[in-house]
Amino acid sequence: QVQLVESGGGSVQAGGSLRLSCAATGDTDQRDCMAWFRQAPGKEREGVAMRSLLSGPSYASASVKDRFTISQDNAKNTMYLQMNNLKVEDTAMYYCARSSRSCRETFRQAEFRYWGQGTQVTVSS
């Protein structure tokens, strides 16, 4: 069984930075896609960024691509989301997710079988 554990969330002022981590344990394959989703109150869950633990292309939503960077540490089986220049509208619960296939160019929630418990990010003005 794959287990995903997020960490690194918290409260920060607008313009600040946070780095989220997602540690994967269990029967994982480094070819599988790992992604970050987020959900704010009253809004649908949306994809933020994704990539395989193997070296390859990464994908990010238009709203964050110039500010957020996704990376990985294969030895630690961990994915990171570096969030810079945070905005109030970035406030949401951030979830780590893992698929059983390589990443597509679009976010498809149904393809992500494993999910973490979420970590809260709150950005204040």
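Whatever comes next refers back to the structure up there.
What counts, and where the lines are drawn
Along each chain, residue indices are assigned from 1 in the same order as the chain's sequence is written. In keeping with the predicted nature of the model, local features appear solely for residues at pLDDT of at least 70, side-chain atom pairs appear and are counted solely at 80 or more, and the whole-chain, interface and lining totals rest on all residues. Values shown for side chains rest on all heavy atoms present in the structure; no hydrogens or waters enter the calculation. Here, the term disulfide refers to a pair of cysteine sulfur atoms separated by no more than 2.5 Å. Put simply, DSSP H or I for four residues or longer makes a helix, DSSP E for two residues or longer makes a strand, and each gets a number counted from the N terminus. Each residue gets one of three labels from its accessible area relative to the maximum for its type: buried under 20%, exposed over 50%, partly exposed in between, using a 1.4 Å probe on protein chains only. A carboxyl oxygen of Asp or Glu within 4 Å of a side-chain nitrogen of Lys or Arg is what we treat as a salt bridge. Here the rule is simple: two strands pair whenever DSSP picks up at least two bridges between them.

Got a minute to help me understand the state of the cysteines in this structure?
Between two cysteines, a covalent bond joining their sulfur atoms is known as a disulfide. The tally for this structure, following the rule as stated, stands at 2 disulfides. At a sulfur-sulfur separation of 1.9 Å, the disulfide partner of Cys22 is Cys96. Every disulfide takes its handedness from the sign of the S-S torsion; for Cys22 and Cys96 that torsion is -75°, giving left-handed. On the criterion of sequence distance, the pair formed by Cys22 in strand S3 (residues 18-25) and Cys96 in strand S9 (residues 92-99) is long-range, its members being 74 residues apart. Classification of Cys22 by relative accessible area gives buried; the value is 0%. The disulfide that involves Cys33 links it to Cys103, with 2.0 Å between the sulfurs. Its S-S torsion of about 90° marks the bond between Cys33 and Cys103 as right-handed, since a negative value means left-handed. Placement of the pair is Cys33 in strand S4 (residues 33-39) and Cys103 in the loop between S9 and strand S10 (112-115), with a sequence separation of 70 residues. Sequential numbering of the bridged cysteines in the protein chain gives the disulfide pattern 1-3, 2-4.

I'm lost on the pattern of salt bridges in this one. Help?
Pairs may arise between side chains of opposite charge once their charged atoms sit close together. Applying the stated criterion to the full structure yields 7 salt bridges. Its salt-bridge partner being Glu46, residue Arg38 comes within 2.8 Å of it at the nearest N-O pair. Using a relative accessible area of 35% as the deciding quantity, one classes Glu46 as partly exposed. Where salt bridges share partners, they join Arg38, Glu46, Arg67 and Asp90 into one cluster.

What exactly am I supposed to notice about the pairing of strand S5 (residues 46-52) here?
Looking along a regular strand, one sees side chains alternate from face to face of the sheet. With 6 of its 7 residues buried, S5 lies for the most part within the structure. Connecting S4 to the next strand, S5, in antiparallel fashion are 6 residues, including Gly42 with a positive phi near 80°. Here S5 pairs with strand S6 (residues 59-60) via 2 bridges, running antiparallel. Bridge pairing in S6 links Ala49 to Ala60.

By themselves, these observations are geometric and do not establish any function.
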